[in-house]
Amino acid sequence: MAREYPPNPAPELVAEGATLAEIAEEAEGCVSCDLYERATQTVFGEGMPGATFLLVGEQPGDQEDKEGAPFVGPAGRLLDRALEEAGIDRDEAYVTNVVKHFKWKAGGGPKPRLHAKPNRGEILACRPWLDAEIIRVDPAVVVCLGATAAQSLLGKDIRVTRDHGVPLELDGRLAVATIHPSAVLRATDDDRQARFDQLVADLSVAVELSHKG
């Protein structure tokens with residue numbers, strides 16, 4: 001029997017009853033905001049429906065934009081290490097971003113394209129895709145990686161520095177906020193290990209919550 005899904009938040013974007021794969025294909029042609037004009041391609045989420053954990057970051061980076069897959073750059077490799085230390089098999093996790101196109105500004109030298117923070121309009125334009133992913137993956141726990149993801153999904157009053165690792169609720173689901181792996185990479189040598197340990201500890205909270213869900 002075909003699985004039934006709750007009503008879609010934006011039926012003009014997400015067809016009623018569409019599968020995750022069908023939605024990903026439809027998102028390839030998304031022009032709901034201007035970010036598609038400068039991005040190489042849409043970077044949709046990756047993982048299996050029914051994954052225990054759904055991890056949400058801010059947006060794809062330069063390497064993700066080129067390869068068309070989320071969390072395949074340096075931050076993704078660090079996330080893989082943190083997941084392993086927390087006892088999460090990457091196959092148990094669906095990974096995605098709040099925004100599906102890479103927003104960048106001109107850099108220089110070895111980094112000609114630098115990350116630029118998405119604005120509220122761009123985040124809202126992409127929200128139907130994220131909502132559809134959450135509905136169809138139906139995870140036990142949603143993990144918000146960084147402030148953009150946490151405030152987008154859990155409310156503007158969320159502060160990752162204060163609220164990380166605290167069990168929260170997202171539309172009846174369990175949720176946890178933590179730092180984005182890129183924050184670990186940006187840390188000074190003295191702080192990097194402590195930030196990585198914090199990320200692992202918060203992911204471990206998600207593991208504990210998954211057993212209660």
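Notes on the structure follow. For every chain, the first residue of the written sequence is number 1, and numbering continues from 1 onward in sequence order. Confidence filtering applies because this is a predicted model: local features only for residues at pLDDT of at least 70, side-chain atom pairs given and counted only at 80 or more, and all residues used for totals across whole chains, interfaces and linings. Side-chain measures here rest on the full set of heavy atoms in the structure, leaving out hydrogens and waters.

**With respect to the overall build of the chain**
Step number 1: Each helix is a run of H or I in the DSSP string that is no shorter than four residues. Each strand is a run of E no shorter than two, and both are numbered from the N terminus. Helix and strand counts for the chain come out as eight helices and seven strands.
Step number 2: As defined in this context, the radius of gyration uses C-alpha atoms, and a globule is described by 2.2 Å times the residue total to the power 0.38. A compact globule built from 213 residues should have a C-alpha radius of gyration of about 17 Å, and the chain, at 16 Å, falls within 12% of that.
Step number 3: If you line up the chain on its principal axes, its C-alpha atoms span 50 × 45 × 30 Å.
Step number 4: We call two residues in contact whenever any of their non-hydrogen atoms come within 4.5 Å of each other. Pairs at least 24 residues apart make up 72% of the contacts formed inside the chain by residues separated by at least 6 positions.

**Thoughts on the sheet that holds strand 2 (residues 93-97)**
Step number 1: Two strands qualify as a pair provided that DSSP identifies no fewer than 2 bridges between them. Read from one edge to the other, the open sheet built from five strands follows the order 2-1-5-7-6, with strand pairing classed as mixed. Both outer strands of the open sheet, strand 2 and strand 6 (168-170), are each paired with one neighbouring strand and no more. Between one strand axis and the next, the sheet turns through 30° on average, direction left out of account.
Step number 2: When strand 1 (residues 53-57) meets strand 2, the two strands line up parallel, connected through five bridges. Note that in strand 2 the partner of L54 across the bridge is Y94. In this description, a line fitted to the C-alpha atoms serves as the axis of each element, helices being fitted only across the stretch in contact, and the angle between N-to-C directions of two axes falls anywhere from 0 to 180 degrees.

**Re the packing of aromatic side chains**
Each pair of aromatic rings is reported with the distance of its centres and the angle of its planes.
Step number 1: For this analysis, a ring pair means two rings from Phe, Tyr or Trp (six-membered ring only for Trp) whose centres lie within 6.5 Å, classed as stacked if their planes differ by under 30 degrees, edge-to-face if by over 60, and tilted for the remaining angles. The full count for this structure, using the stated rule, is zero aromatic pairs.
Step number 2: Placement of a charge over a ring requires the Lys NZ or Arg CZ to be within 6 Å of the ring centre, with the centre-to-atom vector within 35 degrees of the ring normal. Lying across the ring of F196, R81 places its NZ or CZ 4.4 Å from the centre.
Step number 3: Residue placement shows K100 over the ring face of F44; its charged tip is 5.5 Å from the ring centre.

**Regarding the layout of surface pockets**
The gaps left among the atoms become clear once a water-sized probe is rolled over them.
Step number 1: For the largest pocket, the calculated volume is near 1100 Å³.
Step number 2: Detection works on a 1 Å grid of protein atoms alone, calling trapped sets that fit a 1.4 Å probe cavities and calling open sets with protein on both sides within 12 Å along at least five of seven lines pockets, with lining residues defined by an atom within 4 Å of a point. If you go around the largest pocket, you meet 39 residues; those closest to its centre are A75, H115, H180, S182 and R186.
Step number 3: Only helix 2 (62-67), helix 3 (74-86), strand 4 (111-115), helix 5 (147-154), helix 6 (160-163), helix 7 (181-186) and helix 8 (189-210) provide two or more residues apiece to the lining of the largest pocket.
Step number 4: At five residues, strand 4 tops the list of elements feeding residues into the lining of the largest pocket.
Step number 5: All residues other than Ala, Val, Leu, Ile, Met, Phe, Trp, Tyr, Cys, Pro, Asp, Glu, Lys and Arg, Gly among them, are scored as polar; the first ten of these are nonpolar and the last four charged. For the lining of the largest pocket, the per-class residue count stands at 15 nonpolar, 14 polar and ten charged.
Step number 6: Grid points are joined across faces, edges and corners, and a volume is the space filled by probe spheres set on the points. By volume, the second largest pocket amounts to about 210 Å³.

**Some remarks on the pairing of strand 4**
Every regular strand shows the same layout, with side chains that alternate between the two sheet faces.
Step number 1: Strand direction decides the pairing type here: strand 3 (residues 104-108) and strand 4, joined by four bridges, are antiparallel. Each residue of the ladder has a partner; that of K105, found in strand 4, is L114.
Step number 2: Following strand 3, the chain reverses through two residues before pairing antiparallel with strand 4; G109 in that reversal takes a positive phi of roughly 60°.

**Side note on the packing of helix 1 (residues 20-27) against helix 4 (residues 120-137)**
Step number 1: Interhelical geometry of helix 1 versus helix 4 gives an angle of 165° and a closest axis separation of 10 Å. Overall, the two elements helix 1 and helix 4 adopt an arrangement that is roughly antiparallel. For the pair helix 1 and helix 4, the crossing hand works out as left-handed. Residues L20, I23, E26 and A27 of helix 1 touch helix 4, and the partners they reach there are W129, A132, E133, R136 and V137. The scheme is simple: roughly parallel for angles under 35 degrees, roughly antiparallel for over 145, roughly perpendicular for 65 to 115, oblique for anything else. The crossing is said to be left-handed when, going from far helix to near helix, the turn is anticlockwise and less than a right angle, and right-handed when the turn is clockwise.

**Some words on the pairing of strand 5 (residues 141-145)**
Step number 1: By the criterion of burial, strand 5 is predominantly enclosed, with five of the five residues buried.
Step number 2: For each residue, the accessible area found with a 1.4 Å probe, counting protein chains only, is set against the maximum for its type, and the residue is called buried under 20%, exposed over 50%, and partly exposed in between. Neither face of strand 5 is exposed, since V141, V143 and L145 on one face and V142 and C144 on the opposite face are all buried.
Step number 3: Across four bridges, the pairing between strand 1 and strand 5 is parallel. Among the inter-strand pairings, F53 is bridged to a residue of strand 5, identified as V141.
Step number 4: Sheet topology places strand 5 next to strand 7 (residues 173-178); five bridges connect them, and they run parallel. Counted as the bridge partner of C144 is A177 from strand 7.

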